[in-house]
Amino acid sequence: MISRKEEFAPERARLSQYLRNSANILVFTGAGISTGSGIPDFRGPNGVWKRRQPVYYHDFMGSEAARVEHWDYKLEGWAGFRDAQPNATHAAISQLEKAGKLLAVVTQNIDGLHARAGTSLGKLVELHGTNSYIECQTCGRRSDPEPHFEAFSQTRRPPICECGGFLKPATISFGQNLRVEDINQAEEFASKADLILALGSTLSVYPAANIPLIAASKGAPYIIINRGPTEHDGFPEVRLRLEADVGEILPSAVAEAIEGAK
Ligand SMILES: [Zn+2]
């Protein structure tokens, strides 16, 4: 029987080679990189949407009952998000930045763990927003979530901004458009990348999943690491496809690439 470490040895060597040869890596991440931090995959078999009805943005803005429901749902997950710690994959991506190899991280995740692992905010695009702060839907002012969740858990009243606007965790809701400036920035990064790594994503949610394809269309080698099928499997742009938990292979490949460059 071969150990898990040896199981991926040839693939990891190829991955390390790509990492070593690249100076402007674009990392695209999905839920699969955060399950190791205890963040549930919302789309998985035990996902929250099996139990709850999502609140659409239009309803949030138009109905107090919908705002209560949304805040109640967010309150249920808040302690888990607040206490989650980055794992070895987030740390490896941060190591790529320290080694001067990272162009940017574009993530579908709302857990804020890339920032917590040390990825610079100027290199981070959180396409679906973040649970790390609360945002006013009128004036855009951002604030710390904790006091708002505390107040809501006592009063059951959705918090209101000083300006009178509705406050909402800064994640993109169902029926809410992605921020144009985030998409533009992600596309600009994609056009400059010399390697694209898609990690822990099924690559099935658009427009986010376009970002790796933009990079690949400009000639950047496209590598996918995911446990389970992705919608980009079999695309001619994909240079390397690793069927694995990202945490089993990326941290050691990054260490190898950075050591090898010294
Ligand atoms: Zn406001």
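Residues numbered from 1 in each chain as written. Predicted model: local features only at pLDDT ≥ 70, side-chain atom pairs only at ≥ 80, totals over all residues. Heavy atoms only, no water.

**Looking at the nonpolar core**
A general trend in soluble globular proteins is that nonpolar side chains are found buried together.
Next, step 1: Of all hydrophobic cores here, the largest spans 28 residues; its most connected members are Leu 15, Leu 19, Val 27, Leu 197, Leu 199, Ile 225 and Leu 250.
Next, step 2: Among the elements of the structure, helix H2 (9-20), strand E1 (25-29), helix H5 (88-98), strand E2 (102-107), strand E7 (195-199), strand E8 (222-225), strand E9 (238-242) and helix H10 (246-261) are those that each provide at least two residues to this core.
Next, step 3: Considering each element in turn, this core owes the most residues, 7 residues, to H10.
Next, step 4: Ile 225 has contacts with Leu 15, Ala 198, Leu 199, Gly 200, Leu 242, Ala 244, Val 246, Ile 249 and Leu 250, leaving out every residue within four places of it along the chain.
Next, step 5: The next biggest cluster of nonpolar side chains, apart from the first, holds 26 residues, and it includes Leu 103, Leu 127, Ala 216 and Ile 224. (Core = buried A, V, L, I, M, F, W, Y, C linked by side-chain atoms within 4.5 Å. Buried < 20%, exposed > 50% of the residue type's maximum accessible area, 1.4 Å probe, protein only. Helix = DSSP H or I, 4+ residues; strand = E, 2+ residues; numbered from the N terminus. Contact = heavy atoms within 4.5 Å.)

**What about the coordination of the zinc ion?**
Next, step 1: The protein atoms donating to the zinc ion are Cys 136 (SG), Cys 139 (SG), Cys 161 (SG) and Cys 163 (SG), with metal-donor distances spanning 2.3 to 2.4 Å.
Next, step 2: Here the zinc ion is ringed by 4 donor atoms whose angles at the metal span 104 to 118°, and the overall shape comes out tetrahedral.
Next, step 3: When the donor residues of the zinc ion are listed from N- to C-terminus, their spacing reads C-x2-C-x21-C-x1-C. Of the two residues, Cys 136 sits in strand E4 (residues 129-136) while Cys 163 sits in the loop between helix H7 (145-155) and strand E6 (167-171), which places them 27 residues apart along the sequence. (Donors = N, O, S within 2.8 Å, 3.2 Å for Na, K, Ca; no water. Tetrahedral: all angles 85-135°; square planar, octahedral: opposite > 155°, others 65-115°.)

**Thoughts on the side chain of Lys 168**
Next, step 1: One can find Lys 168 in strand E6.
Next, step 2: Buried and without a salt bridge, Lys 168 has Glu 135 as its closest oppositely charged side chain, separated by 6.8 Å.
Next, step 3: Polar side-chain contacts of Lys 168 include one of 2.8 Å to the side chain of Ser 173.
Next, step 4: Side-chain polar atoms of Lys 168 contact the side chain of Gln 176, separated by 3.4 Å.
Next, step 5: Once you skip the residues sitting within four places of it in the chain, Lys 168 turns out to touch Tyr 57, Phe 60, His 70, Trp 71, Ile 134, Glu 135, Gln 137, Ser 173 and Gln 176. (Lys, Arg positive; Asp, Glu negative; His and termini not counted. Salt bridge = Lys/Arg side-chain N within 4 Å of Asp/Glu carboxyl O. Polar contact = N/O pair within 3.5 Å; in protein donor to acceptor, adjacent residues only side chain to side chain.)

**Some words on the pairing of E2**
Next, step 1: Counting buried residues in E2 gives 6 out of 6 residues, a clear majority hidden from the surface.
Next, step 2: Pairing geometry for E1 and E2, over 5 bridges, is parallel. Within the sheet, the bridge partner assigned to Phe 28 lies in E2 and is Val 106.
Next, step 3: Here 3 bridges tie E2 to strand E3 (residues 124-126), and the two strands are oriented parallel to one another. Its bridge partner lying in E3, Val 106 is registered against Val 125. (Pairing = 2+ DSSP bridges.)

**Digging into the sheet that holds E6**
Next, step 1: What the 3 strands build is an open sheet, ordered E5-E4-E6; its pairing is antiparallel. Looking at strand neighbours, the two that pair on one side only are strand E5 (142-143) and E6, the edges of this open sheet.
Next, step 2: Pairing geometry for E4 and E6, over 4 bridges, is antiparallel. Paired with Glu 135 across the bridge in E6 is Lys 168.
Next, step 3: Sitting on the sheet, helix H4 (residues 64-83) touches E4 and E6, and the angle it makes with E6 is about 50°.
Next, step 4: Here H7 sits on the sheet in contact with E4, E5 and E6, set at roughly 75° to E4. (Axes fitted to C-alpha atoms, helices over the stretch in contact; angles between N-to-C directions.)

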